[in-house]
Each structure stands twice: as C-alpha cells, then as structure tokens.
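Architecture at a glance
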Amino acid sequence: MTMNREGRPTRPEAAEDAGAETWTGNRALMLEEPLLFEIGDTRTTGVDIEAVGEGDDAHLAGLRRTRPIGLAGLSEPETVRHYTRLSRQNYAIDLGLFPLGSCTMKHNPRLCEKAARLPGFADVHPLQPIDTVQGALQLIAELGEWLIRLTGMHSVAMSPKAGAHGELCGLLAIRSALEARGDKREVILVPESAHGTNPATAAFAGYRVESIPANAAGRVDLTALKARLGPDVAGVMITNPNTCGLFEPDMIEISRAVHEAGGLVYCDGANFNAIVGRVRPGDLGIDAMHINLHKTFSTPHGGGGPGAGPVVFSEALTPFAPLPFVDKIQADGGDRYILVEEECVGEHHGRSFGRMTAFHGQMGMFSRALAYILSHGADGLRQVAEDAVLNANYILRRLEDLLDAPFAASGPCMHEALFSDKGFAEGMTTLDLAKGLIDEGYHPMTMYFPLVVHGAMLVEPTETESKAALDQFIGALRHVAERARAGDTSLKAAPFHAPRRRLDETLAARKPVLVYREQDTAEAAE
Ligand SMILES: *Cc1c(COP(=O)(O)O)cnc(C)c1O
C-alpha cells in the first residue's frame with residue numbers, strides 16, 4: 001500500500017488512474033480523510049488545561065480518572081475540519097435528487113426546520129412540570145388530531161419512534177385485543193412484497209409469519225389470502241400503496257375477509273405520501289397503521305434524534321393503545337393539556353398494553369410535521385400526493401423503453417416506479433447500474449427490493465423535484481441503462497469518481513470493522 005508523506009495510507013486505487021496519484025491522496029476537492037486517531041493521538045490534548053495536582057481530589061468529588069480514556073487529542077479547527085470533510089463525502093437531499101424507493105426522500109422545508117428550532121419546542125425536557133410545557137403538549141395534540149382526520153381513524157398513539165416501532169405498537173395492540181377476548185392466535189400473514197420490517201416485527205411480537213404470494217399484477221393474491229384465513233390467524237400486515245409502488249385495489253375486501261375470520265388488519269403506512277388527502281385508510285377497514293412522520297410529513301429521517309412513527313387506531317383497537325397519551329381537558333375556563341400516564345378507567349385506552357417508550361415521542365419531528373401540515377393545508381397535502389404520483393409516472397414512462405417495467409402494463413404506478421434487470425447484457429447486474437449512477441452524481445435507487453421482481457430497481461422521486469431535475473436524472477439513468485444493455489464492461493468497475501471504488505459489500509455487511517484499534521493502522525501501513 002502506498003503512503004503519503006505523513007505516513008497515512010493513501011487510497012490504493014488512486015494509482016490505477018494514470019496521473020491520478022497525488023501527494024496527499026486527495027483528488028482536488030475529493031478529500032482523503034483519515035480517522036480521528038490518525039490525525040491526533042491519545043497522548044496529546046487539543047486544549048491546555050492545568051494538570052490535576054495531588055491535593056485536587058476535593059474538586060473532583062472523588063471522580064479522578066484511573067486510566068487514560070483513549071481518545072485522540074485534537075484542536076478545535078482539526079475537529080471541525082475532520083467532520084466537515086466527512087460531511088462532504090455524504091450524498092444528501094440538499095445536494096441532488098435522492099431516488100431511494102420506499103424512503104420518501106423529499107426536500108426538507110426550511111420553514112419546518114425553523115419551527116423545530118424554536119427554543120420552546122427544541123429545549124423542552126420530558127420531565128418538565130406539566131404547566132411549563134402546555135404549548136408543546138398542545139402541538140402534540142393538534143398534530144394527533146390532524147393525523148386522525150387525514151387517516152379517518154379513531155385515535156392515535158404518538159409515542160412510537162419510527163415506522164418499525166409503530167409496527168410493533170400496532171401488533172401489541174392487536175395481540176391485547178385478541179387476548180382480551182380470550183383468543184390466542186399465532187399467525188400473522190405478510191405479503192411477499194412486504195418491507196423486511198413487517199415479518200421481523202411480527203416475529204419479534206411472538207407471531208409465526210406466513211407469506212402470501214403476489215399475483216401477476218404485483219398485488220396481494222386475494223384468493224390465496226382468503227384460503228389461508230382461519231382461527232389461527234391473528235391478522236395481516238399489508239402495505240398500501242404496496243412496495244411495488246401499486247395501490248391494493250382489493251383492500252376493502254381483504255379487510256372484510258380478515259375481520260370475518262376473526263383477525264385484525266395492520267397497514268404499513270410508510271407509503272402514505274402517495275395517497276395523503278386522497279384516501280382515508282379508515283375507510284378501507286384498517287385497524288392500525290403507522291405513519292412515518294419523517295417520510296410523509298417532512299424529512300429529515302433522523303430529525304435530530306430518532307424519527308417518529310405515530311400509530312392510528314380503529315375504534316376496536318383504541319382501548320388497547322399504548323400509554324402515555326396527551327389529552328385535552330377543560331380547566332379554569334380554558335383548555336388544559338394533560339399527560340395520561342396510567343391506565344384510566346373508561347373505554348378510552350381502558351386496557352392499554354403498556355408503554356412503547358419512557359416518554360411521549362420525538363418533539364423534533366412533531367414540530368416539523370405540524371409545521372409541514374399547517375403550511376400545506378388539506379388541499380396542499382392532496383396536491384403533494386398527486387404530484388408525487390405524477391413525477392413517478394413520468395419517470396416510469398420515460399424509461400420503460402429502456403428498462404423493463406414489470407407492472408407498467410397494468411396501469412399507472414403510485415409514488416414509485418419499479419424496474420427489473422431484464423434486458424441487461426449477459427453478466428451485467430442491477431448493482432453495476434447503481435454503481436454507474438454514482439459516477440453520474442446520484443445516490444442509487446433502492447435495489448433488489450421488493451424481492452418479487454428480479455434485480456429490482458425502485459425509484460421514488462417525490463413531489464419536490466422539478467421537471468428539469470427529473471429530466472436530468474432520467475438522462476443519467478438512460479445513459480447508464482444503455483451501457484448495461486450494451487454490456488459495457490467498464491461499468492463493472494464503477495464507481496470511478498467516488499471517494500472509494502467498488503467495495504466488497506458482503507464482507508462489509510458480514511464482518512464490519514467498527515472499532516478502531518491501534519494495530520489496525522500498523523498492519524495497514526505494512
Ligand atoms: C421505511 C419503511 C418502514 C420502516 O420505517 P422506519 O421508520 O425506517 O422504521 C417500514 N415499511 C416500509 C414500506 C418502509 O418504507
């Protein structure tokens with residue numbers, strides 16, 4: 001391995017490109033960034049503080065360090081540069097179109113960021129006296145009312161912290177409802193095309209998972225589903241629109257059949273962006289559905305902490321919803337918001353299964369989501385769904401002559417366009433195309449998911465992309481797709497223009513090196 005003059009290993013592949021080798025390992029603004037431990041070392045410190053003397057223990061309350069902490073000492077500018085350089089190696093929605101299907105990577109309105117940063121929301125602590133957080137509780141309650149209104153459901157649990165967490169919340173409520181009537185059902189049915197979190201959640205909640213096949217049109221096979229229903233089936237988990245980017249037109253009939261067989265219906269609402277303002281899941285017979293606030297109602301997905309996956313419930317499941325929840329009461333002639341922390345009497349939450357988290361949700365996502373909803377209004381939200389669907393169909397129709405679109409014949413898609421690797425030259429794969437897209441300056445689309453399509457490529461542009469941005473992306477994708485069809489073998493070595501070249505993804509997933517050890521660099525330097 002080559003080393004630069006400070007003894008740091010340079011990218012081994014840099015030498016492959018004639019004339020690309022540089023003294024630093026950097027390539028213009030593509031910076032080669034070592035680890036913190038390689039910039040600093042554990043024997044130095046970036047700041048000058050007086051050494052602790054023998055008699056100083058009193059100041060330390062007996063907490064004198066007994067051994068080195070093993071962190072690299074860096075000055076402030078070194079630290080700032082390290083993280084800023086790393087941040088430049090990221091792809092972000094603020095840099096370009098992010099076609100990752102199923103993730104709804106939409107523009108993150110700055111208005112929502114501003115709302116989330118208001119100190120009254122940003123700096124609240126979950127253990128503050130209730131009188132000091134009335135505004136924050138009102139915000140949670142109002143957001144919850146919007147979610148109930150938009151989904152046509154009966155109640156909402158705001159505490160789950162992500163979609164997958166919401167799935168668990170929904171299944172625990174379903175289990176409680178079944179147990180309350182003395183019914184111990186063991187099976188959850190999940191369609192083949194489901195997101196991996198669905199079967200994982202069902203298994204985690206103690207259920208046996210059985211798969212329901214898709215039909216030729218990419219939808220749940222209704223006949224197969226009906227045939228499997230019976231006294232051992234606790235419920236189904238269905239994503240609608242589904243992960244092939246298609247609406248499930250039989251949803252009402254599915255719900256009716258499941259209810260008739262004594263089961264309950266969970267809907268994975270991650271794709272709500274495609275139908276918000278147009279379809280109310282409550283009208284489709286759904287009993288519980290999570291909403292990824294960090295997808296449909298303003299990104300970012302992290303939200304400055306975890307995301308947020310509120311769950312809306314039907315009337316039948318409402319008594320079993322988790323604690324705590326925010327309630328509005330009348331006191332001193334005005335509204336007062338309270339947190340119901342314990343099972344209260346009465347039908348509302350009367351038989352709660354317990355808690356999902358210690359507190360009541362993710363304030364940073366709540367303030368963004370309510371700002372997003374209020375700035376759009378109900379009509380604006382419907383427009384969001386319509387434009388998201390329009391953009392996806394534009395991509396589908398502009399590419400279907402070059403990329404196989406397995407379900408395009410059955411009509412328009414919803415918010416995402418699905419393609420397969422059919423038609424690629426021998427030996428060329430979806431992965432090669434994705435790597436070629438990196439060289440074009442785009443984050444790849446979702447690959448090899450859903451599993452029902454060979455070499456799947458799932459593209460979700462979202463509503464926030466202009467036609468010009470879509471055309472540029474389509475142009476890039478067409479160029480790479482043509483290379484894949486023509487068997488351009490240089491695509492096999494892509495990416496060429498990224499901080500790292502083709503990685504061994506299996507090794508990276510199976511044997512990730514997550515802990516820095518001094519000998520690792522010593523070995524690497526050899
Ligand atoms: C994103 C997603 C999930 C999981 O949501 P998280 O918030 O990431 O936990 C589940 N199902 C589908 C279809 C999704 O797209």
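Being a predicted model, the structure only gives us computed values, none of them experimental.

Looking at the domain arrangement of the protein
As far as domains go, the protein holds domain 1 (1–45 + 79–105 + 384–526) and domain 2 (124–361). Counting residues at the interface gives 22 residues for domain 1, matched by 26 residues for domain 2. Between domain 1 and domain 2, a total of about 1,900 Å² is buried, with carbon and sulfur atoms accounting for 62% of that surface. Per-residue buried area on domain 1 facing domain 2 is highest for Thr-104, Phe-407 and Met-414; these three make up 28% of the total on that side. Seen at the junction of domain 1 and domain 2, the total is one salt bridge. One salt bridge in this structure joins Arg-278 and Glu-386, with 2.7 Å as the shortest N-O distance.

A short note on the sheet that holds strand β3 (residues 208–212)
Spatial strand order, β1-β7-β6-β5-β4-β2-β3: seven strands in an open sheet with mixed pairing. Here the strands that pair on one side only, and so sit at the sheet edges, are β1 (155–157) and β3. The average undirected angle you get between the axes of adjacent strands in this sheet is 25 degrees. Most of the contacts of helix α6 (residues 163–180) go to strand β5 (residues 264–268), to which it runs at about 175 degrees, and overall it touches β1, β2 (187–191), β4 (233–239), β5, β6 (288–290) and β7 (311–313). Contacting β4 and β5, helix α9 (residues 251–260) runs over the sheet at an angle of about 145 degrees to β5.

Things to note about the pattern of salt bridges
The tally for this structure, following the rule as stated, stands at 29 salt bridges. A salt bridge links Glu-210 to Arg-228; its shortest N-O distance comes to 2.6 Å. Within this pair, whereas Glu-210 is found in strand β3, its partner Arg-228 is found in helix α8 (residues 222–228), the two being separated by 18 residues in sequence. With a closest N to O distance of 3.0 Å, Arg-398 and Asp-471 form a salt bridge. On the criterion of sequence distance, the pair formed by Arg-398 in helix α11 (residues 363–399) and Asp-471 in helix α13 (residues 467–486) is long-range, its members being 73 residues apart.

Overview of the nonpolar core
By size, the foremost hydrophobic cluster in this structure holds 60 residues, and its most contacted members are Leu-143, Leu-147, Leu-293, Phe-297 and Phe-366. Looking at which element gives the most residues to this core, the answer is α11, with twelve residues. Residues from two domains meet in this core; each of domain 1 (1–45 + 79–105 + 384–526) and domain 2 (124–361) gives at least three. Residues within four places of Leu-293 in sequence aside, it is in contact with Leu-143, Leu-147, Ser-298, Ala-308, Pro-310, Met-365, Phe-366 and Ala-369. In this structure, Leu-399, Phe-424, Met-457 and Leu-491 belong to the second largest nonpolar core, which totals 30 residues.

With respect to unusual backbone geometry
When glycine is set aside, most residues are seen to have a negative phi, and most peptide bonds are trans. The peptide bond linking Asn-240 to Pro-241 adopts the cis configuration, its omega dihedral lying at -5 degrees. In this structure, Pro-241 sits in the loop between β4 and α9. The phi angle at Asp-332 is positive, at roughly 50 degrees, despite the residue not being glycine. Its location among the elements puts Asp-332 in the loop between β8 (325–331) and β9 (334–340).

Details of the packing of aromatic side chains
Per the counting criterion, the structure on display carries five aromatic pairs. On the basis of an interplanar angle of 75 degrees and a centroid distance of 6.4 Å, the ring pair of Phe-297 and Tyr-372 is categorised as edge-to-face. In this pair, Phe-297 sits in the loop between α10 (293–296) and β7 while Tyr-372 sits in helix α11, placing the two residues 75 residues apart along the sequence. Assessed through its relative accessible area of 0%, Phe-297 is described here as buried. For Tyr-372, a relative accessible area of 2% gives the class buried. Through pairs of rings, three or more aromatic residues link up here, namely Phe-272, Phe-297 and Tyr-372.

Considering the environment of Leu-370
You can see Leu-370 is positioned in helix α11. Owing to a relative accessible area of 7%, Leu-370 belongs among the buried residues under this scheme. The spatial distance from the C-alpha of Leu-370 to the C-alpha of Cys-244 is 29 Å, given a sequence separation of 126 residues. Not counting residues within four places of it along the chain, the set of residues in contact with Leu-370 comprises Leu-139, Glu-142, Leu-143 and Trp-146.

Conventions used here
- Once a new chain begins, its residue numbering starts again from 1 and follows that chain's sequence as written.
- Totals for whole chains, interfaces and linings use every residue, but because this is a predicted model, local features are given only for residues with pLDDT of at least 70 and side-chain atom pairs only at 80 or more, for both listing and counting.
- The basis for the side-chain values is all heavy atoms of the structure; hydrogens and waters are excluded.
- An automatic or database domain assignment supplies the residue ranges for each domain.
- Whether two residues are in contact is decided by their heavy atoms, any of which lying within 4.5 Å being enough.
- Summed over both partners, the accessible area lost on bringing two parts together, with a 1.4 Å probe, is the buried area.
- Only one rule defines a salt bridge in this text: a Lys or Arg side-chain nitrogen within 4 Å of an Asp or Glu carboxyl oxygen.
- Strand pairing is assigned whenever DSSP identifies at least 2 bridges connecting the two strands.
- Note on conventions: DSSP H or I runs of at least 4 residues are helices, E runs of at least 2 residues are strands, and numbering of each starts at the N terminus.
- All axes are obtained by fitting lines to C-alpha atoms, using only the stretch in contact for helices, and the reported angles, taken between N-to-C directions, cover 0 to 180 degrees.
- By nonpolar core we mean a set of buried residues, namely Ala, Val, Leu, Ile, Met, Phe, Trp, Tyr and Cys, connected to one another through side-chain atoms within 4.5 Å.
- Here the term buried applies to any residue with accessible area under 20% of the maximum for its type, exposed to any over 50%, and partly exposed to those in between, with areas from a 1.4 Å probe on protein chains only.
- Working definition: rings of Phe, Tyr and Trp (its six-membered ring) pair if their centres are within 6.5 Å, and the pair is stacked with planes under 30 degrees apart, edge-to-face with planes over 60 apart, and tilted otherwise.

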